[in-house]
Amino acid sequence: MDHPIGIGLAGLGNVGAGVFQNLQRNRTLLRERLGLDLLIQKVAVQNPAKRVSEGYPESVLTGRWQDLVEDPAVQIVVEVMGRKDESLQLILASLRAKKAVVTANKALLAEHGAEIFEAAQQNQTPVFYEASVGGGIPIIKCLREALVGNHIASIHGIINGTSNYILTRMSEADLSFPDALAEAQALGYAEPDPSLDVNGWDAAHKAMILASLAYGFWVPKDQIFVEGIEAITAADIRFAKLLGYRIKLLGIIKASENEGSEVEVRVHPTLIPQSHVLASVNGVFNAIAVHGDVVGEVLLYGRGAGQDPTSSAILSDIAEAANALQHPRRDLGFSAHSLYGTCKPIGSTLSEYYLRLTVEDRPGVIAQISGVLGELQIGISSILQPESDEEGANVALVMMIHTASNSQIQQALDRISVLSCVKRAPRMIRVEHFS
Ligand SMILES: NC(=O)c1ccc[n+]([C@@H]2O[C@H](COP(=O)([O-])OP(=O)(O)OC[C@H]3O[C@@H](n4cnc5c(N)ncnc54)[C@H](OP(=O)(O)O)[C@@H]3O)[C@@H](O)[C@H]2O)c1
């Protein structure tokens, strides 16, 4: 066997430590399977002395990520620092030095994917990013390899474990959003600052990566629609259940029917029928349903974060990078193509809707509201006037709305919210039927 392939690991935090340990543990297995020996040559951290005291070998540690780029024995750079500027600098410098890159940095890829893959192309050096979406779920390889012969009609993903845990606990234990979030934080499922998880942007970064990969153009951040779960109440969860639905934070990516046209990329809380398999994906688990024009429906399920699942994805990227070093190839991680090219504005996307209103308890209210909807050509599929302890002297009115455009429903909400019988801002949640 030839010399070992040298790996430079940038970061030894939650993910990096997992990569270090699992690569040592499964080094022989990887050698047998790949016919290549993988060796961690250098590890960059902010505080090397602390890591020496934890038992990591001093000989590999450095406080400068630049050392990974400058060391000729490092052939693959694994970026798990999770920074913005420094991670970007490291990735670009590694590509210029013709070192294959593996990264788990979804925020960086979402914001700088175009620049990173242009550098990959210019330097004819690959970038792998399986761990950036869905933790241990092999969705990136699935789209890049297994489904390469398919037009992707749609991708629906539960791709943020923290928000899925919160919504699951709100549903199972009737907890409020703040109580479920506090529980998730106490169990280590949510960061002390959970903003990116609950405001939908962590899922949005992942949705941007999946959409870019599926549709061959790097989706711009300002063209996608993102709404988090902060405004979901225990009452919404209960009413959704009564109507036969579950509420999930869903990343929805869809192509229009015709080639060469627009792609929808949106992340928002969504009512999904409880009979659909995604409705029973609970806790911190993730799942991604892909619909390809040749294969039909494919579902991937697993742990979307955590040390071991994430390092499993990174080990697979390291293996692929090692193979690519032996046998250079055309696919450098992202293939731009011209079949699609723009995102559909949220206003023209179509959906069914759940509306929850707080209204006066008197005759004529339903007629007034349905009058507004009727004038805008919006159909009601069912009405529920359930008991609710959140409405005080008023009553809750829940309406399920037939397919309408987002701008139609926004117009209706603007008009309904100023009716004197409507006592609070209406709550609207989109409904997905996976047809
Ligand atoms: N955690 C997950 O489950 C998960 C899942 C999927 C993807 N990811 C992604 O994986 C990446 C890493 O996440 P993590 O949770 O492992 O982060 P983390 O625990 O905060 O670890 C970051 C590591 O990077 C090192 N580091 C930071 N800045 C550095 C610099 N300028 N130079 C050298 N080393 C530096 C830190 O060194 P010190 O130890 O000395 O501070 C630390 O070891 C992120 O992009 C994240 O989005 C994480």
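Below: a short report on this structure. On a predicted model such as this, the values are computed, not experimentally measured, just so you know.

Thresholds, definitions, all that
Residues numbered from 1 in each chain as written. Predicted model: local features only at pLDDT ≥ 70, side-chain atom pairs only at ≥ 80, totals over all residues. Heavy atoms only, no water. Axes fitted to C-alpha atoms, helices over the stretch in contact; angles between N-to-C directions. Helix = DSSP H or I, 4+ residues; strand = E, 2+ residues; numbered from the N terminus. Parallel < 35°, antiparallel > 145°, perpendicular 65-115°, else oblique. Left-handed = near helix turned anticlockwise from the far one by under 90°. Contact = heavy atoms within 4.5 Å. Buried < 20%, exposed > 50% of the residue type's maximum accessible area, 1.4 Å probe, protein only. Near = heavy atom within 4 Å. Polar contact = N/O pair within 3.5 Å; in protein donor to acceptor, adjacent residues only side chain to side chain. Areas by Shrake-Rupley, 256 points an atom, 1.4 Å probe, with all protein chains shown as cover. Nonpolar A, V, L, I, M, F, W, Y, C, P; charged D, E, K, R; others polar. Salt bridge = Lys/Arg side-chain N within 4 Å of Asp/Glu carboxyl O.

On to the packing of helix α5 (residues 85-96) against helix α6 (residues 106-123), then. Their axes nearest at 9 Å, the elements α5 and α6 cross at an angle of 15°. On the basis of the axis angle, α5 is roughly parallel to α6. The handedness of the crossing between α5 and α6 comes out as right-handed. Contacts between α5 and α6 pair S87, L88, I91, L92, L95 and R96 from the former with L108, H112, E115, I116, A119, A120 and N123 from the latter.

Once that is clear, we can look at the side chain of D236. Tracing the sequence through the fold places D236 in helix α12 (residues 234-242). By relative accessible area, D236 is classed as buried at 0%. Contact partners of D236, with chain neighbours within four places excluded, come to A231, I247, Y354, R356, R427 and I429.

Looking now at the site of the ligand. Taken together, 23 residues lie around the ligand, and L12, V15, Q46, R51 and G306 are the ones closest in. With respect to the ligand, the backbone of Q46 contributes an N or O atom lying 2.9 Å from an oxygen atom. Protein contact buries 79% of the 910 Å² of open area that the ligand shows by itself. Considering only residue class, the shell around the ligand consists of 10 nonpolar, nine polar and four charged.

Contact pair helix α8 (residues 161-173) / helix α9 (residues 177-186): the axes reach a minimum separation of 9 Å and the direction vectors enclose 125°. One element, α8, and the other, α9, form an angle in the oblique class. The way α8 lies across α9 gives a crossing that is right-handed. Here Y165, I166, R169 and M170 of α8 lie close against α9, whose contacting residues are F177, A180, L181, E183 and A184. In terms of residue class, the contact of α8 with α9 is made up of seven nonpolar, no polar and two charged.

With that settled, the discussion passes to the pattern of salt bridges. Summed over the entire model, instances satisfying the criterion amount to 29 salt bridges. Note that D71 and K42 form a salt bridge whose closest N and O atoms lie 3.2 Å from each other. Residue D71 is found in the loop between α4 (66-70) and β4 (76-79), and its partner K42 is found in strand β2 (residues 38-44); the two are separated by 29 residues along the sequence. Residue classification places D71 among the buried positions, given a relative accessible area of 14%. Taking the shortest distance from any N to any O, the salt bridge between R64 and E70 comes out at 3.5 Å. You can call R64 partly exposed: its relative accessible area is 38%. Looking at E70, the relative accessible area reads 53%, which means it is exposed.

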